[in-house]
Amino acid sequence: MTREERTRWFLHDRFGMFIHWGLYAIPARGEWVKSNERITTEAYQPYFEEFNPIRYNPREWAKAAKEAGMKYAVLTTKHHDGFCLFDSKLTAYKATNTPAGRDLVREYVDAFRAEGLAVGFYYSIIDWHHPDYPAVGNHPMRENEEYLAKPVNFDNYLDYMHGQVRELLTDYGKIDIMWFDYSFDDMTGEKWRATELINMMRGIQPHIVIDNRLGGNIKKREPEVYAGDFYSPEQIIPPGGIVNEAGEQIPWEACITLNGHWGYHATDKEYKSPKQVVRALVECVSKNGNLLLNVGPDAKGEIPRESLDILAEVGKWMRRNGDSVYGCGLADRPKPEWGRYTQNGSKLYAHILDRGIGPVYFQGLKGKVRKARLLADGAELKVEVPWMAGHYGDTATGAFISLPITLPDDADTV
Ligand code: FHN
């Protein structure tokens, strides 16, 4: 399969849920707590012995994602702390050995598939728990002389990492996305035996969409086999979208948190508004990208109420305006002053984010608009040249569309 064939559904669906969940939900200070606070594996062990998310019901998560208009999800199967949410045969450091006593990934896969969402796995190639992973990068023990003196056999770790990826792609049915995280410094590409890894993966699930964080350069005309299927900007929407060296659009997905943390953080209440999320989604799609919006469930297994409320509001907008997102992408005309365009074939969607006064002016569309409708309620909109157009300055090539003075409360897409 070509990258274009693999990513066709991904570029159509545009909007997914990122889920960062694991032992770090107990300290509730974000997923980097072990590194940030230099916590040894021994000091982190109580979280393993305590982990029992009694209110974990992934069907509720899946319904929240579906109601928000999300079409796929990506769950951390293992984050940097090395704790596995799945029943790996290659380690005892897994959810089935905690008081939870269950394969949390299997329940996630079953629940999200039952709600009709595509299923993705996040897998950290960094591992702060495995004895043969070196104390490089932001490893919690990066300054511990005794720990640094221990010899490691990195190939043992790579055999483990490759083995777990094989388990994830063999034991849980059809998986739609593999989201690796992350290469850094010289820990990139073949340092992970990435070609071998990708070839193994494609042998098991040839359709699977893979991110670009194993390394390589996805923007090259001929990228490495492990450079991935999509570019993965984080906490930013790339100003000019993403193109390769030949100037060709390449698939990309911006991953963004709802507050300031990926993993659950009890005191971080700085949440984005629903309007900010909708605008971020529209901006991504207008630049041919996807939005992977993150939730960080708590130690009991529940998505924070603040996140659920935002998702519900976003879902209201998506129910009425989703046609301007799904199957849409970069428009064949420049960004207008008052907002953004998204386009699907001959249908142009105008996201009017800064309405200004008077009729909305569509540069270059004179005589080209067959009909205009307010997406939220289907109301007809008049395409007209106002009688006083002469007073409007240079408007010879444009079309004017008059919007109702009062719009349905979530309407800003025409
Ligand atoms: O270190 C991780 C971080 O915890 C989080 O998982 C993000 C999500 O894209 N990725 C890495 C930081 O780039």
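Position labels on residues start from 1 in each chain and follow its written sequence. Owing to the predicted nature of the model, reporting of local features is limited to residues with pLDDT of at least 70; listing and counting of side-chain atom pairs is limited to 80 or more, with chain, interface and lining totals taken over all residues. Working from all heavy atoms in the structure, the side-chain values ignore hydrogens and water.

**A closer look at helix α8 (residues 194–204)**
Inference 1: Of all the residues in α8, the buried ones are A194, L197, I198, M200 and M201. Across the axial projection of α8, the buried residues extend over an arc of 160 degrees, all falling on one side.
Inference 2: Any pair of residues with heavy atoms lying within 4.5 Å of one another is described as a contacting pair. Numbering of helices and strands runs from the N terminus; a helix is a DSSP stretch of H or I covering at least four residues, while a strand is a stretch of E covering at least two. Each element contacted by the buried residues of α8 is listed here: α7 (154–171), β4 (177–181) and β5 (209–210). Relative accessibility decides the category of a residue: with a 1.4 Å probe and only protein chains considered, values under 20% of the type maximum give buried, values over 50% give exposed, and everything between is partly exposed. Think of the arc as the fan of directions from the helix axis to the C-beta atoms.

**What to know about the site of the ligand**
Inference 1: Near the ligand you find 14 residues, and of these H20, E31, H80, D181 and E234 are the closest.
Inference 2: Polar contacts, as counted here, are pairs of nitrogen or oxygen atoms within 3.5 Å of one another; within protein the pair requires one atom able to donate a hydrogen and one able to accept it, and residues that are adjacent in sequence qualify only if both atoms are side-chain atoms. Within the contact set of the ligand, an oxygen atom lies 2.7 Å away from a side-chain nitrogen or oxygen of H20.
Inference 3: Here D181 contributes a side-chain N or O atom positioned 2.6 Å from a nitrogen atom of the ligand.
Inference 4: Contact with the protein chains removes 90% of the 320 Å² of surface that the ligand exposes when unbound.
Inference 5: Among the residues forming the shell around the ligand, the class breakdown is 7 nonpolar, 3 polar and 4 charged. The criterion for a residue being near a molecule or strand is simple. One of its heavy atoms has to lie within 4 Å of it. The Shrake-Rupley method, run with a 1.4 Å probe sphere, supplies the accessible areas, and residue values consider only the shown protein chains as cover. Classification used: nonpolar for Ala, Val, Leu, Ile, Met, Phe, Trp, Tyr, Cys and Pro, charged for Asp, Glu, Lys and Arg, polar for all others including Gly.

**A closer look at the packing of aromatic side chains**
Here a ring pair, both rings aromatic, is described through the centre-centre distance and the interplanar angle of the planes.
Inference 1: Only Phe, Tyr and Trp rings take part, Trp by its six-membered ring, and two of them pair if their centres are within 6.5 Å. Stacked means planes under 30 degrees apart, edge-to-face means over 60, and tilted covers everything else. Tallying each qualifying case throughout the model produces 31 aromatic pairs.
Inference 2: With a centroid separation of 6.1 Å and 45 degrees between ring planes, the pair formed by Y157 and Y160 is classed as tilted. Taken together, the positions of Y157 and Y160, both in helix α7 and 3 residues apart, correspond to about one turn of that helix. Here the two residues Y157 and Y160 agree in accessibility, since each one is buried.
Inference 3: Here, a charge over a ring means that NZ of Lys or CZ of Arg falls within 6 Å of the ring centre while also lying within 35 degrees of the ring normal. Between the NZ or CZ atom of K71 and the centre of the ring of Y326, over which it lies, the distance is 4.7 Å.

**Considerations on the nonpolar core**
Inference 1: We call a set of buried residues a nonpolar core when its members are Ala, Val, Leu, Ile, Met, Phe, Trp, Tyr or Cys and they connect through side-chain atoms within 4.5 Å of each other. Membership of the largest hydrophobic core comes to 98 residues, with the highest contact counts inside it found for F112 and M178.
Inference 2: The dominant element in this core, judged by the number of residues it contributes, is α7, at 8 residues.
Inference 3: Residues contacting M178, with those up to four places away along its chain left out, are F121, Y123, V165, L168, L169, M201, I208, V209, I210 and D211.
Inference 4: Counting 15 residues, the second largest nonpolar core, distinct from the first, contains I352, V360, F362 and A399.

**Some details on the sheet that holds strand β1 (residues 15–19)**
Inference 1: Should DSSP find at least two bridges between two strands, the strands are regarded as paired. Within the open sheet, the 7 strands sit side by side as β5-β4-β3-β2-β1-β7-β6. Their pairing is parallel. The sheet terminates laterally at β5 and β6 (252–257), the two strands that pair on one side only.

**Quick notes on the confidence of the model for the chain**
Inference 1: Per-residue confidence from the prediction method is given by pLDDT, with values spanning 0 to 100. Chain-level statistics for the chain give a pLDDT mean of 95 and a share of 97% at 70 or above.
Inference 2: ipTM for the predicted complex: 0.99, alongside a pTM of 0.97.

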